[in-house]
Amino acid sequence: MTVKQLRAFLAVAQSLSFAQACERLHLSQPALSLAIKNLEQSLGGQLLVRTTRSVALTPEGETLLPIAVRLLADWDNAEDLLRQHFTLQMGKVAVAAMPSFAGNRLPAALRAFRDAYPRVNVAVHDVINEQVMEMVRDGRVELGIAFEPATLDGLQFTPLYEDRFVAVVPADSELAEREALSWVDLLDRPFITLQRPSAVRLLLEDSVIASHGRLPVAFESHQLVTVGRMVAEGLGVSAVPQLCRQQMEELGARCLPLGEPQVTRRVGLLHQAGHQLSSAAQALSDTLLRQAERYQA
């Protein structure tokens, strides 16, 4: 039983006329008759009684009629729904992003995405770097935005840009008057940073400890906003990814370039290796890549 055969049966059953059914379906009479014949053969019995003057339904045809109406309505609804998803007239996509990106670069990308696809819903999970990778691996989100992992382990990474850490100091301190800072300058003060297992914290420790010893951590927090506010209040200094610069300065701190060792890490998109993204996720991925090109231009 095919959709074409059901449409042929329904057109005849509703009009009780082969001629009218042919006009409705834009089929020739032989093609319509063949479709009905094949349907009857596949089901094992006669559905229509046709004479030179009239067409009538058999009891089996009467049974099939409401079923055919329901099946074809469901088919048309499913076809229309999928078409809307593929053409991004509707749909949804879930993305996990590390806080340093979610609070800084992501909103502008989401604005561009919403302008292009206003009926696609986006669910954003603002979680630490390690949870981003877990959520992508587990299939809880299609896309993740995080630092490049040391091992991919079933993930595919597409770089957006390379980020460099900058110093964060109180705006009213003497350090804020300099053009750039060294790690010696920075680590001579109380240090404020994110708590483990934050990727920002671990990356700082891996990059700095070998040259300058352990970080003189005086305060730690789970949120970058809290780090920025504590620096602005003069409680100490910090180092954060360059992408957080605007956020830190809006909180009242000052950001400056840092000397050697330069702490850099690629930021990019993650999705399951070998997994084809939905149309909505692919469109969001393309939008994020275009936004990254703008920042690098």
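For the structure itself, consult the block above.
Residues numbered from 1 in each chain as written. Predicted model: local features only at pLDDT ≥ 70, side-chain atom pairs only at ≥ 80, totals over all residues. Heavy atoms only, no water.

Focus: the nonpolar core
By size, the foremost hydrophobic cluster in this structure holds 60 residues, and its most contacted members are F101, I145, W183, L186 and L288. Among the elements that take part in this core, strand β6 (residues 155-170) stands out by supplying seven residues, more than any other. Sequence-distant contacts of I145, that is, excluding residues within four places in its chain, are made with V95, A96, A97, M98, F101, L106, V132, L160, V267, G268, L269 and L288. With 22 residues, the next largest nonpolar core counts A11, F18, L64 and L65 among its residues. (Core = buried A, V, L, I, M, F, W, Y, C linked by side-chain atoms within 4.5 Å. Buried < 20%, exposed > 50% of the residue type's maximum accessible area, 1.4 Å probe, protein only. Helix = DSSP H or I, 4+ residues; strand = E, 2+ residues; numbered from the N terminus. Contact = heavy atoms within 4.5 Å.)

A look at unusual backbone geometry
Despite not being glycine, L16 shows a phi value in the positive range, around 50°. Unlike most non-glycine residues, H26 shows phi in positive territory, near 55°. Here H26 lies in the loop between α2 (18-25) and α3 (29-43). Of the residues examined, H26 reaches a relative accessible area of 72% and is grouped as exposed.

Considering the packing of helix α1 (residues 3-15) against helix α4 (residues 59-86)
Axis separation between α1 and α4 bottoms out at 9 Å; the angle between their running directions is 125°. With respect to each other, α1 and α4 are oriented oblique. The two elements α1 and α4 cross, and the hand of that crossing is left-handed. Two secondary-structure elements touch here, α1 through V3, L6, R7, F9, L10, A13 and Q14 and α4 through G61, L64, L65, A68, V69, L71, L72, W75 and D76. In the contact of α1 with α4, the residues fall into 12 nonpolar, two polar and two charged. (Axes fitted to C-alpha atoms, helices over the stretch in contact; angles between N-to-C directions. Parallel < 35°, antiparallel > 145°, perpendicular 65-115°, else oblique. Left-handed = near helix turned anticlockwise from the far one by under 90°. Nonpolar A, V, L, I, M, F, W, Y, C, P; charged D, E, K, R; others polar.)

A short note on the packing of aromatic side chains
Applying the stated criterion to the full structure yields one aromatic pair. Ring plane angle 55° and centroid distance 5.1 Å describe the contact between F113 and Y117, whose orientation is recorded as tilted. For Y117, a relative accessible area of 22% corresponds to the partly exposed category. For R50, the ring lying beneath its charged end belongs to F18, and the centroid distance is 3.9 Å. Stacked on the ring of Y161, the Lys or Arg R105 has its end atom at 4.6 Å from the ring centre. (Phe/Tyr/Trp six-rings, centres within 6.5 Å; stacked < 30°, edge-to-face > 60°. Lys NZ or Arg CZ within 6 Å of the ring centre and 35° of its normal.)

Some points on a nonpolar patch on the surface
Taken together, the side chains of M1, L43, I67 and L71 define a hydrophobic patch exposed on the protein surface, amounting to about 340 Å² of accessible area. Relative to the helices and strands, M1 resides in the segment before α1. Assessed through its relative accessible area of 51%, M1 is described here as exposed. (Patch = residues over 30% accessible without salt bridge, like charges linked within 9 Å, V, L, I, M, F, W, Y side chains within 5 Å. Areas by Shrake-Rupley, 256 points an atom, 1.4 Å probe, with all protein chains shown as cover. Salt bridge = Lys/Arg side-chain N within 4 Å of Asp/Glu carboxyl O.)

Some details on α3
If you check α3, its first and last C-alpha atoms are 21 Å apart, about what 15 residues at 1.5 Å a residue would give, namely 21 Å. All buried positions along α3 are accounted for by L32, A35, I36, L39 and E40. End-on view of α3: buried residues confined to an arc of 130°, all on one side of the axis. Opposite the buried face of α3, by more than 90 degrees, sit the exposed residues P30 and Q41. Where α3 is buried, its residues contact α1, α2, β1 (48-50) and α4. In the stretch just after α3, G44 is the one whose phi turns positive, near 95°. (Expected span 1.5 Å × (residues − 1). Arc of directions from axis to C-beta.)

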